[in-house]
Every structure is written in C-alpha cells, then in structure tokens.
Amino acid sequence: MGIWSILLSYSIILLNYTFSEVKMIFEVTEQKNLKEIKILFNDIRFYMGNSVLDGVMGKAFVDNVRNPNIAFLVVRNYCFISGNIDDKDLKDIIDKNFKEYILIPSDDIASKIEKIYSRNIRKSQRYSIKKEATFDKENLYRMINSLDKKFEIAKIDETLADNIKKMKFLNITDNYKKYGIGFCCIYNDEIIGVASSNIFYKDGIEVNIKVKEDYRRKGIATALASRLIIECLDQNKKISWDAANTNSVGLAQKLGFEYDSTYNTYKFI
C-alpha cells in the first residue's frame, strides 16, 4: 500500500471517529412525523410547542426521525425539550444548536441541564394556566366598560401591527392580516397597551400583553385582555395564557382562567 493510500485510509477512519463523537439531530418536516413526536409533549408547559406540532410556526428536531428518543421544538426564542438521552449527547446537541434559546425541558431533562451547565445557566420560574377555561361574557364586558373613556381600545389592523413591531413594543404574530388577533389601547395618539396573539395554533392563539409602565394599574390590561377573549370566543378560537409572574396569574384568574402549576425555564448567561 502506498503512502497516499495509507494517509487516505487514516483520514477516513479519523473522520468517521470524529463524526461518531458528536450527536447529530435532524429537522422534522413531514406532518406525519410531527404527529408521532406529539406524545413527548403532553405536559402543559409544552403547550406553546403545539404551534410547531401543528405545522404552522417554528421547527422540530429529533435525534432519529423514525424512532426519536428526544425532540426539540423551537418557536420564537423558546426551545421545548422532551425525551430521554444521555448527558454527553444532550450537551453536544444543545451546545451546537440551542444555546441562544430559552430552554423549557421536561423534569428529567431539566435535572440533566442543571448538572451539565450548573455555572453558566440561569433558572427562572413560570406559571402554567389551565387551557380549558369557561368565560363569563357579561363580566368581561363589564371590565371593558369600566375603563376610563379617555383610553381608546382599537382592533389591531396591519398598520397598527406594523407600528407595534417598529416600536418593538412586544412580540406579536407575523403576517397579521392572515393570522393575527389583537387590540391596543391608544391615548393621545400613542399606543400605550397591547393584547395580541403572538404564537398561534391551528385552533387558537397564545396571548401576549403589555402596558407601558406609566399607565399600569388603570384597568387597561384587564380591558384589553377581556376584549381579546371575546373576539376569540366569537371566532371560535381557543385562547391560551402562560404567566411570567404572579401579577399575570392574578389577571388570568380575574378573567376566568384557572392556575395549574409552576415550571422552570433556563437561559445561558
């Protein structure tokens, strides 16, 4: 065997060895394969991942398309993780693909993440809200009508949606004419509050709400959320609420939602 043949054989062996050391993942593009990984994401904390599983937003990745051990759902700046995988492979995949995202893992994966990244990851708590709510429309209208008349509630059209995005006020649905539902509060020709769809599903939306700090505690968030819920009910769409803090939980309960549980999220420092 010549020297070049020996070197080529050695290179191929080394190349194969290198690839075998790094765990690879594959994007799931077929709807039938998305349905097959849905069983991994039955926990309420993964509800936003339904936008990926429905094939309308985001991307899904698995370690094996035909027989996945673990799956990753990426939508907006979130990465939902569920399944079973060893620590080294998990670290390989996250390091290479998902370190820029806020990680929302299953309990088993969460314990691995805390062990692997103990020094360079920050844990935060969020609050799950039950997804099947019963709303009192009359009460919702009362909360809308109790808002001071100097504040105008306007339905978000494409122009308002563009303004909200340019202001970077908060994340709202892309392609708003086709997929968006929302309302904003206007005072002195200024947008001071928004309640809108952000992530969306085939049969509903995830709510995103924000009111400028100077105008909080005036009933604006309550009125905007009430108006959005009524609109969703009229359009026969489900409305999902997930809370970042206890104030958001309190507002959700005031509107008719029920609190479910807490869960942890992780972000790299």
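Residues numbered from 1 in each chain as written. Predicted model: local features only at pLDDT ≥ 70, side-chain atom pairs only at ≥ 80, totals over all residues. Heavy atoms only, no water.

A. Broad picture of the pairing of strand E8 (residues 182–187). Of all six residues making up E8, six are buried, and the element is well covered by its neighbours. The alternating pattern of E8 places Gly182, Cys184 and Ile186 on one face and Phe183, Cys185 and Tyr187 on the opposite face, and all of these are buried. As paired strands, strand E7 (residues 152–155) and E8 are joined by four bridges and run antiparallel to one another. Counted as the bridge partner of Lys155 is Phe183 from E8. Across six bridges, the pairing between E8 and strand E9 (residues 190–200) is antiparallel. (Buried < 20%, exposed > 50% of the residue type's maximum accessible area, 1.4 Å probe, protein only. Helix = DSSP H or I, 4+ residues; strand = E, 2+ residues; numbered from the N terminus. Pairing = 2+ DSSP bridges.)

B. Structural detail: the pattern of salt bridges. Under the criterion given, the structure shown has 18 salt bridges. The closest approach of N and O atoms between Lys212 and Glu190, which form a salt bridge, is 2.4 Å. Linking Lys212 in the loop between strand E10 (204–211) and helix H9 (220–234) with Glu190 in strand E9, this pair joins segments that are 22 residues apart in sequence. A relative accessible area of 26% places Lys212 in the partly exposed class. Across the pair Lys238 and Asp203 runs a salt bridge, and its minimum N-O distance is 3.7 Å. With a gap of 35 residues between them, Lys238 in strand E11 (residues 238–240) and Asp203 in the loop between E9 and E10 connect regions that are remote in the sequence. Exposure remark for Lys238: the relative accessible area of 39% places this residue in the partly exposed category. You can call Asp203 partly exposed: its relative accessible area is 35%. (Salt bridge = Lys/Arg side-chain N within 4 Å of Asp/Glu carboxyl O.)

C. Main features of the pairing of strand E2 (residues 59–62). Here strand E1 (residues 26–28) runs beside E2; their pairing, made up of three bridges, is antiparallel. Of the residues in E2, the one forming a bridge with Phe26 is Val62. As defined by bridge partners, E2 adjoins strand E3 (residues 70–75) across four bridges and the pair is classed as antiparallel. Its bridge partner lying in E3, Ala60 is registered against Leu73.

D. Region of interest: the layout of surface pockets. By volume, the largest pocket is sized at about 1,000 Å³. Lining the largest pocket are 31 residues, and of these Ile209, Lys210, Asn245, Ser248 and Leu251 sit closest to its centre. Those elements that provide at least two residues to the lining of the largest pocket are E10, H9, strand E12 (242–243) and helix H10 (246–255). Looking at the lining of the largest pocket, the element that brings in the most residues is E10, giving six residues. Of the residues that constitute the lining of the largest pocket, the class distribution is 12 nonpolar, 10 polar and nine charged. Estimates place the volume of the second largest pocket at around 170 Å³. What lines the second largest pocket is simply Lys38, Phe41, Asn42, Asp43, Ile44, Tyr47, Asn50, Asp54, Lys131, Tyr201 and Asp203. (1 Å grid on protein atoms, 1.4 Å probe; cavity = no way out; pocket = protein on both sides within 12 Å on 5 of 7 lines; lining within 4 Å. Points joined across faces, edges and corners; volume = space filled by probe spheres on them. Nonpolar A, V, L, I, M, F, W, Y, C, P; charged D, E, K, R; others polar.)

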